[in-house]
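# Structural characterization, general
Below, each chain spelled out in residue letters.
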Amino acid sequence: VSATFDTVQQLYVGLHFDSFDTHNPLNVRHLSQNRISINMGRGERWLYFINLDVKTICSMLNIDINDPEKKIGFLQRAFFQSFSQYPVCRVRIDPGEAYIAPTENILHDGTTLFTDTDDLTMVVHGDISIQSLYGESSYD
């Protein structure tokens, strides 16, 4: 069960690309803000994702990433039509844990399917990286 609900279509969306950065074209998706999601609930959450970025998916589908007519929704549908058996990765996010992900540049979704407690998460979008959280010198 997806944790992402589309209030317009009134349905859970499943694996998807986020579009918070004003629907960036395919060729600049890699420049979009990242998401940090902190599990503040009492049960585990799960992050599902495809381990490919927009550029790689376009290459696999022979789609010109610079074509302004190609939109992110088209790319999502084309990928699943062509690669319906592509493996989906799953990472458990325990209470108090977080993840940083480029959710505008990868197919992903969250779920609380395996927990029976109330869910609470805090999400922040921004130019987030390990270096921005801990400083450049931490990894020199």
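Described below are features of the structure shown in this document. (Residues numbered from 1 in each chain as written. Predicted model: local features only at pLDDT ≥ 70, side-chain atom pairs only at ≥ 80, totals over all residues. Heavy atoms only, no water.)

## Observations regarding the sheet that holds strand E3 (residues 34-39)
As summarised here, the arrangement of the three strands in space is E6-E3-E8, forming an open sheet in which the pairing is antiparallel. Each edge of the open sheet is held by one strand with a lone partner, namely strand E6 (98-101) and strand E8 (121-126). Across this sheet, the average inter-strand angle for adjacent strands is 15°, counted without regard to direction. Relative to E6, E3 runs antiparallel, the two sharing four bridges. Bridge pairing in E6 links Ile36 to Ile100. (Pairing = 2+ DSSP bridges. Helix = DSSP H or I, 4+ residues; strand = E, 2+ residues; numbered from the N terminus. Axes fitted to C-alpha atoms, helices over the stretch in contact; angles between N-to-C directions.)

## Concerning helix H2 (residues 72-82)
The complete set of buried residues in H2 reads Ile72, Leu75, Ala78 and Phe79. Taken around the axis of H2, the buried residues stretch over an arc of 125°, which confines them to a single face. Exposed positions of H2 whose direction lies more than 90 degrees from the buried face are Arg77 and Gln81. Tucked inside the fold, the buried residues of H2 contact strand E4 (45-53), helix H1 (54-60) and strand E7 (106-111). (Buried < 20%, exposed > 50% of the residue type's maximum accessible area, 1.4 Å probe, protein only. Arc of directions from axis to C-beta. Contact = heavy atoms within 4.5 Å.)

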